[in-house]
Structure formats: C-alpha cells, structure tokens
Amino acid sequence: MRIGLFGGTFNPIHLGHLRAVQEVQEAFNMDKCYLIPAAIPPHKKQIGIASAEDRFEMVKLATSDSPNFIVSDVELKRSGPSYTIDTVIYYQSILPKATQLYLIVGIDSFLQIEIWKFYPDLFSHIAFIVMARPGPRGKQIFSNRQVLENFMKSRISADYRFSIAQNCFMHPEKQAVYICDVSLLDISSTKIRRLIKDGRSIKFLVPEKVEEFIKTKGLYL
Ligand code: ATP
C-alpha cells in the first residue's frame, strides 16, 4: 500500500490544495491520501483562523466525492499544538509495516521546515513529496529544482544527491525527498480570506460546497 499524508491549516481548503494532491496521488500511484487539518497550527498566527471543527468540515465537504481522500481528525483529537512528527509516528504505528508512507508538502512550507518540531527526525522517518507552487507575486521560483537542491544540501544534509532518473534526492541513510511538478495554481487561503473581506467572489477558487458553507457560517468576514 502507498499512502500520502497531507497536512495543512486549510483555512479554508481551496482548489490549489485539491488539484495538487490529486496530481501527486496519481503520479505516485497512491491507494489513498489522508488530508489532515491541524487543530492548532504551530507556525501560523491564531488570529483569523476558523475553528478546527469548521476547517475539518470544509475539508470533508471538499472531498465528499473523492473516495481516495480520507479526512483525518487525528490532530483534532490530540491536545496542544499539531506537530507533524507526532502525526507521522501515529500513522506509522497503526498502518501495516509494509505501507509506503509519503509526507506531501508544498515547497513554500518545505523551505520553512527548520522551524518544525524535531524536523531532522522527519527525514529519518518518512519520504517527502515536495509540490511545486507559484512563488510570491507569481514568480515561479518555487518550482526551481536548484532552490531545493541548495536548501537540501546546505540545511538538511550535504549527503543528499539528486537522482535525475527518479526525480528525487537520495541519501545513504535518510529517506528520499521527491519533487512533484504539479500544475501551478496561484491560489492561497490568504487570497481567499482577503477576497471575502473585500466583499468579492471566491467562486471557482474553492469547491461549491465549501463556498456555500463559508457563506452560511459567515466565515472570514
Ligand atoms: P495561507 O495562505 O493561510 O498561509 P495556504 O494556502 O498556504 O494558507 P495551507 O493550509 O497553509 O494553505 O497549506 C497546506 C499545504 O498545502 C502546505 O504544504 C502548502 O505548501 C500546500 N499548498 C497550499 N496551496 C497550494 C497550492 N496552490 N499549490 C500547491 N501546494 C499548495
């Protein structure tokens, strides 16, 4: 079994998240992907964050027609900040030993991994799939392999080597870090919250059911 773990604040979930994880799932032939909303995201300002229950509900609505996406409440059930290392260890403890697990992250988050709790351990525990994402003001720097290569070698371990054949960084002891060049959709939750505040439409940026939920609940006004 191949399984992806895709965590996020999902405040709210949008088509950038969904399309990217869909493409990753297909590219890596995954049996399923867990979408894992953070209860208390450790690295985001807590102001302007919808309740964990509402964010969880929106992820459920967004994926209700996608049987291979499973929305996980594991971080909602845990108290304290939602650390990825705890979630990875949890899934490794409940899934069969032969499961190939991947941690799916956008490159913007990946480049900030040094602020994650016990981040060096993550590279020993689980393979990463790093998704391309448009950079600030539409610059495509985040899809640049060189950016990732410099970062991996200077900050994670000099022994990571890029394998062209496998499109990933390999290491003699640590887990692989794959690159997945998903469609670059310049959509962020920040953009969606800003549009709502400005009284503008978010149609076609989030699934319809999510748009309705946000309206009904009066979120992000
Ligand atoms: P915000 O704008 O509030 O910071 P966000 O849009 O970045 O939020 P998160 O929930 O923080 O969304 O992201 C969860 C994960 O999804 C992160 O790994 C992030 O890099 C990735 N991600 C978010 N949007 C995209 C996108 N458009 N394309 C690819 N990956 C994305």
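Procedures and definitions
- Residues numbered from 1 in each chain as written.
- Predicted model: local features only at pLDDT ≥ 70, side-chain atom pairs only at ≥ 80, totals over all residues.
- Heavy atoms only, no water.
- Buried < 20%, exposed > 50% of the residue type's maximum accessible area, 1.4 Å probe, protein only.
- Helix = DSSP H or I, 4+ residues; strand = E, 2+ residues; numbered from the N terminus.
- Arc of directions from axis to C-beta.
- Contact = heavy atoms within 4.5 Å.
- Phe/Tyr/Trp six-rings, centres within 6.5 Å; stacked < 30°, edge-to-face > 60°.
- Lys NZ or Arg CZ within 6 Å of the ring centre and 35° of its normal.
- Polar contact = N/O pair within 3.5 Å; in protein donor to acceptor, adjacent residues only side chain to side chain.
- Core = buried A, V, L, I, M, F, W, Y, C linked by side-chain atoms within 4.5 Å.
- Pairing = 2+ DSSP bridges.
- Right-handed = clockwise from strand over helix to strand, strands pointing away.
- Near = heavy atom within 4 Å.
- Areas by Shrake-Rupley, 256 points an atom, 1.4 Å probe, with all protein chains shown as cover.
- Nonpolar A, V, L, I, M, F, W, Y, C, P; charged D, E, K, R; others polar.
- Axes fitted to C-alpha atoms, helices over the stretch in contact; angles between N-to-C directions.
- Parallel < 35°, antiparallel > 145°, perpendicular 65-115°, else oblique.
- Left-handed = near helix turned anticlockwise from the far one by under 90°.

Q: Tell me about helix H8 (residues 189-197), and name the residues and values.
A: Note on helix geometry: an α-helix contains 3.6 residues per turn, so any two residues three or four positions apart are oriented the same way. Taken together, the buried positions of H8 are Ser189, Ile192, Leu195 and Ile196. Looking straight down H8, one finds that the buried residues subtend no more than 125 degrees of arc, so they occupy a single side. Exposed positions of H8 whose direction lies more than 90 degrees from the buried face are Arg194 and Lys197. Against the buried residues of H8 lie helix H1 (15-27) and helix H9 (208-217). At the exit of H8 stands Gly199, carrying a positive phi of roughly 75 degrees.

Q: Help me get a handle on the packing of aromatic side chains, residues and values and all.
A: Within the structure shown, the criterion is met by 12 aromatic pairs. Look at Phe162 and Phe169: their rings are 5.0 Å apart centre to centre, the planes differ by 65 degrees, and that puts the pair in the edge-to-face class. Accessibility assignment for this pair places Phe162 and Phe169 in one class, buried. Taken together, the ring pairs in this structure connect Phe110, Phe123, Phe128, Phe151 and Tyr160 into an aromatic cluster. Over the ring of Phe162 we find Arg145; its NZ or CZ atom is 3.9 Å from the centre of that ring.

Q: Mind laying out the side chain of Asn11, listing which residues take part and the relevant values?
A: Counting through the fold element by element, Asn11 comes out in the loop between strand S1 (2-8) and H1. Here Gly48 takes part through its backbone oxygen, which lies 3.1 Å from a polar atom of the side chain of Asn11. Within the structure, Asn11 has its side chain in polar contact with the side chain of Tyr220 (distance 2.6 Å). Asn11 has contacts with Gly48, Ile49, Ala50, Arg55, Ser189, Arg193 and Tyr220, leaving out every residue within four places of it along the chain.

Q: Give me the nonpolar core: which residues, what numbers.
A: Residues Ile13 and Val24 are the most contacted members of the largest nonpolar core, which totals 40 residues. Ignoring sequence-local partners within four residues, the contact set of Ile13 consists of Leu18, Leu35, Met58, Val59, Ala62, Val206 and Val210. Ile3, Val88, Phe151 and Phe169 belong to the second-largest nonpolar core, a separate cluster that totals 31 residues.

Q: Explain the pairing of strand S2 (residues 32-37) to me, and be specific about the residues and the numbers.
A: Burial analysis of S2 places five of its six residues in the buried class, which makes it a mostly covered element. Bridge analysis of S1 against S2 gives six bridges, and the strand direction is parallel. Bridging across to S2, Gly7 finds its partner in Ile36. Note on the crossover from S1 through H1 to S2: the handedness is right-handed. When S2 meets strand S3 (residues 69-71), the two strands line up parallel, connected through three bridges.

Q: Give me the environment of Pro96: which residues, what numbers.
A: Examined against the element boundaries, Pro96 turns out to sit in the loop between helix H4 (84-94) and strand S4 (100-106). A residue is classified by how much of its surface remains accessible, and Pro96, at 55% relative accessible area, is exposed. Residues Pro96 and Ala20, 76 residues apart in the sequence, show an inter-C-alpha distance of 26 Å.

Q: Could you give me a rundown of H4, with the residues and numbers involved?
A: Listed in full, the buried residues belonging to H4 are Ile85, Thr87, Val88 and Tyr91. Axial view of H4: buried residues confined to an arc of 165 degrees, hence all on one face. Taken together, the buried residues of H4 touch S1, S2, helix H3 (74-77), S4 and helix H6 (119-125).

Q: How would you explain the site of the ligand if you had to name every residue and give the values?
A: As a matter of local geometry, the ligand sits amid 23 residues, with Lys44, Gly106, Asp108, Ser189 and Thr190 nearest to it. Considering the ligand on its own, with 600 Å² of exposed area, one finds that the protein chains cover 91% of that surface. Elements supplying a minimum of two residues to the shell around the ligand: S1, H1, S4, helix H5 (107-110) and H8. Of the residues belonging to the shell around the ligand, the class tally is eight nonpolar, 11 polar and four charged.

Q: Give me the packing of helix H2 (residues 52-62) against H9: which residues, what numbers.
A: Interhelical geometry of H2 versus H9 gives an angle of 150 degrees and a closest axis separation of 8 Å. Considering the angle they form, H2 stands roughly antiparallel to H9. Crossing hand, H2 versus H9: right-handed. Where H2 abuts H9, its residues Asp54, Glu57, Met58, Leu61 and Ala62 lie against Lys209, Val210, Phe213, Ile214 and Lys217.

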